[in-house]
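Architecture at a glance
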Amino acid sequence: MARVFNFSAGPAMLPEAVLRQAQEELLDWHGSGMCVAEMSHRGKEFMSIAEQAEADLRELLAVPENYRVLFLQGGASGQFAMVPMNLLRGGDRAAYLNTGSWSKKAIAEAKRFCAVEIAASTEDTRFTHAPTQIELNLSPEAAYVHYTPNETIEGVEFPCVPETGDRPLAADMSSTLLSRPIDVSRYGVIYAGAQKNLGPAGLTVVIVREDLIGRPLAGTPTMSDYKTHADTGSMYNTPPTYAWYLAGLVFQWLKRQGGLTAMATINERKAKLLYAAIDASGLYTNPVEPASRSWMNVPFTLADPTLDQRFLTEAKAAGLVALKGHRSVGGMRASIYNAMPEEGVRVLISFMQEFERRYG
Ligand SMILES: *Cc1c(COP(=O)(O)O)cnc(C)c1O
């Protein structure tokens, strides 16, 4: 069996140690005689798994007491609707930063519920930087401000957190949560689909400040009300138990790596290596302004796009897979989340250099 270096943007690579542990526990979790996927979500075995996962996530992110952590389904895309349903709280407008493909989707969904003010947009420069504080235009009427700290498709990451005064800040952290320490207290709500950096698909993590829970928009479905899940420990209905368990194993793995400060050091180093190799080459280009370059998703194009298919085919033969860029931007994209070892990045760089030597 040969494992490949998988650069997929999501579902993405998981730490091998986590997969091995899951394999070991697959038929009989801790003497229960059951797979976690076969357990009652309300039984004491699964409850202990669920509680441990939440405790570990809280520890990793230093989540303050007045925040609730929810383990939901529906993906980040489901949160595009749940955020306005829960955060408008009587208001009729919200402010959004338009910084890439995922922001655009969040904006389109929010428009079903309220007026959307675009507090900043980088669309006219083709989403190649994260706006700075002075580029933001925030009106006092916005019930909340939404942004996408890491744009997975364009590879643009905010180097700092926007200042929004009293307005709660909502953040789609799908592709950056757990890649580095964050100050949770700066946010009203943080959400992430798990399949990028947290675990397998099917689980959506929401971290929400308590005072924002409990005033949903009229007509909000029970399942879309944060209060439903906050009041029931995310067990109002059957949660995604196996995904929750696997995410819990990832959280424990992260703690063993030294937590998020250690991950940030590793992630920054991996990204710097790859960007340096791209910038030093005559064949590869990344269009993003250096200060806004993502540590997690590194898009790049080849000077001669007719080489794209050859690049992908030869990369795959070298055990480097899922490098094809998103269909909307073309070229290549290397997603290098927590689970991608530095070795994978080094092998990719060597491959790119060798490819350039032969065809560049
Ligand atoms: C992948 C991604 C999404 C979509 O997530 P789903 O869980 O598939 O709904 C949304 N936002 C960002 C930033 C993403 O990377």
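Residues numbered from 1 in each chain as written. Predicted model: local features only at pLDDT ≥ 70, side-chain atom pairs only at ≥ 80, totals over all residues. Heavy atoms only, no water.

Brief notes about the site of the ligand
Ser77, Thr152, Asp172, Gln195 and Lys196 are the nearest of the 13 residues found near the ligand. Ala76 places a polar main-chain atom, nitrogen or oxygen, 3.1 Å from an oxygen atom of the ligand. Considered on its own, the ligand offers 380 Å² of accessible surface; in the complex 87% of this is hidden by protein. Ranked by residues supplied to the shell around the ligand, first place goes to helix H3 (residues 75–87) with four residues. For the shell around the ligand, the per-class residue count stands at three nonpolar, eight polar and two charged. (Near = heavy atom within 4 Å. Polar contact = N/O pair within 3.5 Å; in protein donor to acceptor, adjacent residues only side chain to side chain. Areas by Shrake-Rupley, 256 points an atom, 1.4 Å probe, with all protein chains shown as cover. Helix = DSSP H or I, 4+ residues; strand = E, 2+ residues; numbered from the N terminus. Nonpolar A, V, L, I, M, F, W, Y, C, P; charged D, E, K, R; others polar.)

Some words on the domain arrangement of the protein chain
In terms of domain boundaries, the protein chain breaks down into domain 1 (18–256) and domain 2 (259–359). A straight line from the C-alpha centre of domain 1 to that of domain 2 covers 27 Å. Contacts between the two partners involve 25 residues from domain 1 and, on the opposite side, 25 residues from domain 2. Together, the buried faces of domain 1 and domain 2 total about 2000 Å²; carbon and sulfur atoms form 57% of this surface. Along the contact surface separating domain 1 from domain 2 lie zero salt bridges. Here domain 1 and domain 2 share twelve residue pairs in polar contact (both at pLDDT 80 or more) between them. For the side of domain 1 that touches domain 2, the elements supplying multiple residues, two or more each, are helix H2 (44–61), strand E7 (156–157) and helix H6 (241–256). (Domains from an automatic or database assignment. Contact = heavy atoms within 4.5 Å. Buried area = accessible area lost by both parts, 1.4 Å probe. Salt bridge = Lys/Arg side-chain N within 4 Å of Asp/Glu carboxyl O.)

Points about the packing of helix H7 (residues 259–280) against helix H9 (residues 342–359)
Between H7 and H9, the least distance of the axes is 9 Å, while the angle of their chain directions is 5 degrees. By the angle between their axes, H7 is roughly parallel relative to H9. Between H7 and H9, the residues in contact are Arg269, Lys270, Leu273, Leu274, Ala277 and Ile278 and Glu342, Val345, Arg346, Leu348, Ile349, Met352 and Gln353, respectively. Its residues assigned to classes, the contact of H7 with H9 comprises eight nonpolar, one polar and four charged. (Axes fitted to C-alpha atoms, helices over the stretch in contact; angles between N-to-C directions. Parallel < 35°, antiparallel > 145°, perpendicular 65-115°, else oblique.)

A look at the nonpolar core
Formed by 56 residues in total, the largest nonpolar core has its most connected members in Leu61, Leu178, Ile207 and Phe251. No other element matches the ten residues that H6 contributes to this core. Counting contributing residues, this core receives three or more from each of domain 1 (18–256) and domain 2 (259–359). Of all hydrophobic cores here, the second largest spans 36 residues; its members include Ala264, Leu312, Leu323 and Leu348. (Core = buried A, V, L, I, M, F, W, Y, C linked by side-chain atoms within 4.5 Å. Buried < 20%, exposed > 50% of the residue type's maximum accessible area, 1.4 Å probe, protein only.)

What about the packing of aromatic side chains?
All chains considered together, the criterion is met by 14 aromatic pairs. Taken together, a centroid distance of 4.3 Å and an interplanar angle of 10 degrees make the contact between Phe71 and Trp244 stacked. With a gap of 173 residues between them, Phe71 in strand E2 (residues 67–72) and Trp244 in helix H6 connect regions that are remote in the sequence. In this pair, the class of Phe71 matches that of Trp244, namely buried. Their ring planes at 90 degrees and their centres at 5.7 Å tell us that Tyr284 and Phe300 sit as a pair that is edge-to-face. A residue pair is termed long-range when its members are at least 10 positions apart, and Tyr284 in strand E11 (residues 284–285) and Phe300 in strand E12 (residues 297–302) qualify at 16 residues. Among the aromatic residues, ring-to-ring pairing joins Tyr284, Phe300, Phe311, Phe351, Phe355 and Tyr359 into one connected group. In this structure, Arg180 is placed above the aromatic ring of Trp295, and the distance from its NZ or CZ to the ring centre is 3.7 Å. (Phe/Tyr/Trp six-rings, centres within 6.5 Å; stacked < 30°, edge-to-face > 60°. Lys NZ or Arg CZ within 6 Å of the ring centre and 35° of its normal.)

Some details on the packing of helix H1 (residues 16–25) against H6
It is at 9 Å that the axes of H1 and H6 come closest, and there the two elements cross at 130 degrees. Classified by the angle between their axes, H1 and H6 sit oblique to one another. Here H1 runs over H6; the crossing is right-handed. For the pair H1 and H6, the contacting residues are Ala17, Val18, Gln21, Ala22 and Glu25 in the first and Tyr242, Tyr245, Leu246, Leu249, Val250, Trp253 and Arg256 in the second. In terms of residue class, the contact of H1 with H6 is made up of nine nonpolar, one polar and two charged. (Left-handed = near helix turned anticlockwise from the far one by under 90°.)

Section: the environment of Ser175
Take Ser175: it is sitting in the loop between strand E8 (169–172) and strand E9 (189–193). On a C-alpha basis, the gap between Ser175 and Thr313 in space is 26 Å, while along the polypeptide they are 138 residues apart. With residues near it in sequence (within four places) discarded, Ser175 still touches Asn150, Thr152, Lys196, Met296, Asn297 and Tyr337.

Quick notes on the pattern of salt bridges
Following the criterion strictly, the structure yields 19 salt bridges and no others. With its nearest N and O atoms 3.2 Å apart, the salt bridge here joins Glu117 to Arg93. Of this pair, Glu117 sits in strand E4 (residues 115–121) while Arg93 sits in strand E3 (residues 93–98); the two residues are 24 residues apart in sequence, bridging distant segments of the chain. Owing to a relative accessible area of 27%, Arg93 belongs among the partly exposed residues under this scheme.

So, helix H8 (residues 308–317)
For H8, the set of buried residues is Asp308, Phe311, Leu312 and Ala315. Angular distribution of buried residues about the axis of H8 spans 95 degrees; they occupy a single face of the element. Looking at H8, the residues exposed on the side facing more than 90 degrees away from the buried face are Gln309 and Ala317. Looking at the buried positions of H8, the neighbouring elements they touch are E11, E12, strand E13 (320–321), strand E14 (332–335) and H9. Looking one or two residues past H8, Gly319 carries a phi angle of roughly 85 degrees, positive in sign. (Arc of directions from axis to C-beta.)

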